[in-house]
Amino acid sequence: MNNAVPTGTVMLSARTAARLTGRTSRTLQRWCEEGTLPSVTVNGKGKRMIPVDALAPWLPLPLNDALRTLLGRAEGGDGEAALALGLALLEGGQPALALAWFQEAAEAGNADAMHWLYQAYFQGLGTPRNRTLGIKWLAEAALRGHAIALRQIEQLRLGP
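Residues numbered from 1 in each chain as written. Predicted model: local features only at pLDDT ≥ 70, side-chain atom pairs only at ≥ 80, totals over all residues. Heavy atoms only, no water.

Draft legend 1. Representation of the overall build of the chain in the model. Helices and strands together make up the secondary structure of the chain, namely eight helices and three strands. Counting from the amino terminus, helix and strand elements in the chain follow one another as β-α-α-β-β-α-α-α-α-α-α. The principal-axis extents of the C-alpha atoms in the chain amount to approximately 60 × 30 × 25 Å. Residue burial in the chain is summarised as follows: out of 160 residues, 39% are buried. When contacts within the chain are restricted to residue pairs at least 6 apart in sequence, those whose partners lie at least 24 apart make up 45%. Accessible surface for the chain amounts to roughly 8,500 Å². Of this, 53% is attributable to carbon and sulfur atoms. The distance from the centre of the 16 positive side-chain charges to the centre of the 13 negative ones in the chain is 6 Å. (Helix = DSSP H or I, 4+ residues; strand = E, 2+ residues; numbered from the N terminus. Buried < 20%, exposed > 50% of the residue type's maximum accessible area, 1.4 Å probe, protein only. Contact = heavy atoms within 4.5 Å. Areas by Shrake-Rupley, 256 points an atom, 1.4 Å probe, with all protein chains shown as cover. Lys, Arg positive; Asp, Glu negative; His and termini not counted. Charge placed at Lys NZ, Arg CZ, Asp CG, Glu CD.)

Below is the structure:
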């Protein structure tokens, strides 16, 4: 484990790296402990941060400067960046990975991500179909003023 990080290197927590690669946090932590994956310890509790470039072989998207920037913002809790990552993964044919990023963005209060969760659960996109959970996310999006969700809720209320 090397604690020297070049300036400007995007570092990801094992949790974020897991959400991006589809590996478990524990697997990534084990790889760090074994030296298979470089990491940096950032606090006295042993939290590991992984350079995004070291994850390139396991990434479902091509690693470029735009992706590095999005990942850095998402690591910092930016809901818009998490939504953008989810959409990129969905477009790249990775709906299960996209779902995790939509969840992250929704937890940050992003109504568009909530609407994407509605669609994913309602249609079974990257997850087993769960219409009840889908409707829950539709309602959450509508409560935050999402225009399409508001119209869809109104249609449900009025019926066909």
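Draft legend 2. The arrangement of the pairing of strand 3 (residues 48-51) in detail. Burial of the side chains of strand 3 extends over both faces: R48 and I50 are buried on one face and M49 and P51 on the other. Note: strand 1 (residues 11-13) against strand 3, three bridges, orientation antiparallel. Each bridged residue has a counterpart across the sheet, and for S13 the counterpart in strand 3 is M49. As paired strands, strand 2 (residues 40-41) and strand 3 are joined by two bridges and run antiparallel to one another. Paired with T41 across the bridge in strand 3 is R48. (Pairing = 2+ DSSP bridges.)

Draft legend 3. The arrangement of the sheet that holds strand 1 in detail. Judged by pairing direction, the sheet is antiparallel, and its three strands sit side by side in the order 1-3-2 without closing on themselves. What marks the edges here is a single partner per strand, and that holds for strand 1 and strand 2.

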